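# Summary of structural features
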Amino acid sequence: MVNTNGNGHKNGANPTAITPVNGHDAILWDGLAPGIRQELDTPINPALVSQRKGRGGKTFSYIEGHTVIDEANRVFGYGGWGYDVMGDVTLREIDSVDGKTGEIRRIRAYAATVRVAVLGAPSRMDVGFHAVVEDNADGHETAVKGAVTDGLKRALRSFGARFGNALYGDSQTGIVEVTREPSTRPAVERQKLGIRLYELGKSQGFNAEQVEAAVKARTGRGVTQISTEELADLVAAAERKVDEQKRHSEPPTAA
């Protein structure tokens, strides 16, 4: 596992060692926090998207590597995600044929397989490429780093719109901010959900203060500040966690 530590640098930690804030989060419930899922469903801010000229003179939209890391730190939290390079970064040679002249040109590029792990979600993996522009030490170093960055971006895009998944392919749409409808659930239901969440926390040995800390660790806000939909999702996740603990604690049935 390679935790980012806020700047994308490797630290050699194991994927299972990602520790949530305050240590309560992973125990209280399973899965991604509803606030994170909402962020992932939100299209990327157009201000974060850059453009470049590509094949056939077309303009392509993309996200810079440092921007992707900043977004991952913001969405998942520092220490809530990380990445590592699977195996070696390999040099490949590819023959490219000029469609007009028929000239065969050999292209050298590095390939890197990158795995991204996020607390509460299955890991994602993809392959990045970067061509060697200058055949010297600096040129190869740049290509190796570029392949890793490309793999990281491609792996993160599988988490959804927030990481520019819509920028891949021919349409390149989906970078417009969306407006969400306000909750219509009554206040009484919200109150019941809040009480239920504290009860589920108590059943796992947490007091009210610790439940509040766990909610803040997951969403960045307190129980009374999150939306009713987020609160309902947290209750459902906590109920699944309690059911799982009960199943594991039950003695096996005799044959």
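Coordinates for the structure precede this section.
Residues numbered from 1 in each chain as written. Predicted model: local features only at pLDDT ≥ 70, side-chain atom pairs only at ≥ 80, totals over all residues. Heavy atoms only, no water.

The next subject is the overall build of the protein. When helices and strands are tallied, the protein shows seven helices and five strands. The contacts in the protein between residues at least 6 apart in sequence include a share of 62% that link residues at least 24 apart. Accessible surface, the protein as shown: approximately 14800 Å² in total, 50% of it carbon and sulfur. (Helix = DSSP H or I, 4+ residues; strand = E, 2+ residues; numbered from the N terminus. Contact = heavy atoms within 4.5 Å. Areas by Shrake-Rupley, 256 points an atom, 1.4 Å probe, with all protein chains shown as cover.)

Now for the pattern of salt bridges. In total, this model carries 14 salt bridges according to the counting rule given. Between Arg108 and Glu93 there is a salt bridge, with its nearest N and O atoms 3.5 Å apart. You can see Arg108 sitting in strand E4 (residues 104-118) and its partner Glu93 sitting in strand E3 (residues 81-97), a full 15 residues away along the chain. Using a relative accessible area of 26% as the deciding quantity, one classes Arg108 as partly exposed. (Salt bridge = Lys/Arg side-chain N within 4 Å of Asp/Glu carboxyl O. Buried < 20%, exposed > 50% of the residue type's maximum accessible area, 1.4 Å probe, protein only.)

Before going further, it helps to examine the packing of helix H2 (residues 34-41) against helix H3 (residues 65-76). Relative orientation and spacing of two packed helices are given, respectively, by the angle between their axes and the distance between those axes. Where H2 meets H3, the axes come as close as 9 Å, and the angle between the chain directions of the two elements is 145 degrees. Residues Ile36, Glu39 and Leu40 of H2 lie in contact with H3, whose contacting residues are Arg74, Val75 and Phe76. Considering only residue class, the contact of H2 with H3 consists of four nonpolar, no polar and two charged. (Axes fitted to C-alpha atoms, helices over the stretch in contact; angles between N-to-C directions. Nonpolar A, V, L, I, M, F, W, Y, C, P; charged D, E, K, R; others polar.)

As defined by bridge partners, E4 adjoins strand E5 (residues 121-131) across nine bridges and the pair is classed as antiparallel. Opposite Val118, over in E5, you have Ala121 as the bridge partner. If you look at the hairpin formed by E4 and E5, you'll find two residues sitting between the two strands, and Gly120 has a positive phi there, around 90 degrees. (Pairing = 2+ DSSP bridges.)

By size, the foremost hydrophobic cluster in this structure holds 30 residues, and its most contacted members are Phe76, Trp81, Val116, Leu156 and Phe159. Elements represented by at least two residues in this core include exactly H2, H3, E3, E4 and helix H4 (137-157). Sort the elements by how many residues they give to this core and H4 lands first, with six residues. Counting residues in each nonpolar core, the second largest holds 14 residues, with Leu197, Val211, Val235 and Ala238 among its members. (Core = buried A, V, L, I, M, F, W, Y, C linked by side-chain atoms within 4.5 Å.)

Another point: the sheet that holds E3. Here we have three strands laid out as an open sheet, ordered E3-E4-E5, and antiparallel in their pairing. Edge positions in the open sheet fall to E3 and E5, since each of these has one partner strand only. Sheet twist, expressed as the mean angle between neighbouring strand axes with direction ignored, is 15 degrees.

Let's shift gears to the pairing of E3. Bridge count between E3 and E4: 14 bridges; the pairing is antiparallel. Considered in E4, the bridge of Asp84 is made with Arg115. Linkage of E3 to E4, two consecutive antiparallel strands, is achieved through a turn of six residues, within which Gly102 is found at a positive phi near 80 degrees.

One way to put it is that H3 packs onto H4 with a least axis distance of 10 Å and a crossing angle of 40 degrees. Judged on the interaxial angle alone, H4 and H3 are oblique. Between H3 and H4 lies a crossing whose hand is left-handed. Residues Gly65, Val68, Ile69, Ala72 and Phe76 of H3 lie in contact with H4, whose contacting residues are Thr149, Leu152, Lys153 and Leu156. Considering only residue class, the contact of H3 with H4 consists of six nonpolar, two polar and one charged. (Parallel < 35°, antiparallel > 145°, perpendicular 65-115°, else oblique. Left-handed = near helix turned anticlockwise from the far one by under 90°.)

For the structure shown, the criterion picks out three aromatic pairs. With 6.1 Å between their ring centres and 25 degrees between their planes, Trp81 and Tyr83 make a pair best called stacked. Stacked on the ring of Phe159, the Lys or Arg Arg124 has its end atom at 4.2 Å from the ring centre. (Phe/Tyr/Trp six-rings, centres within 6.5 Å; stacked < 30°, edge-to-face > 60°. Lys NZ or Arg CZ within 6 Å of the ring centre and 35° of its normal.)

Looking now at H4. For H4, built from 21 residues, the straight-helix expectation of 30 Å at 1.5 Å per residue is met to within 8% by its first-to-last C-alpha distance of 30 Å. Taken as a whole, H4 has its buried residues at Gly139, His140, Ala143, Gly146, Ala147, Val148, Gly151, Leu152, Lys153, Ala155, Leu156 and Arg157. Along its buried surface, H4 packs onto strand E2 (59-62), H3, E3, E4 and E5. One side-chain oxygen at the N-terminal end of H4 lies 3.3 Å from the backbone nitrogen of Asp138; it belongs to Asn136. (Expected span 1.5 Å × (residues − 1). Polar contact = N/O pair within 3.5 Å; in protein donor to acceptor, adjacent residues only side chain to side chain.)

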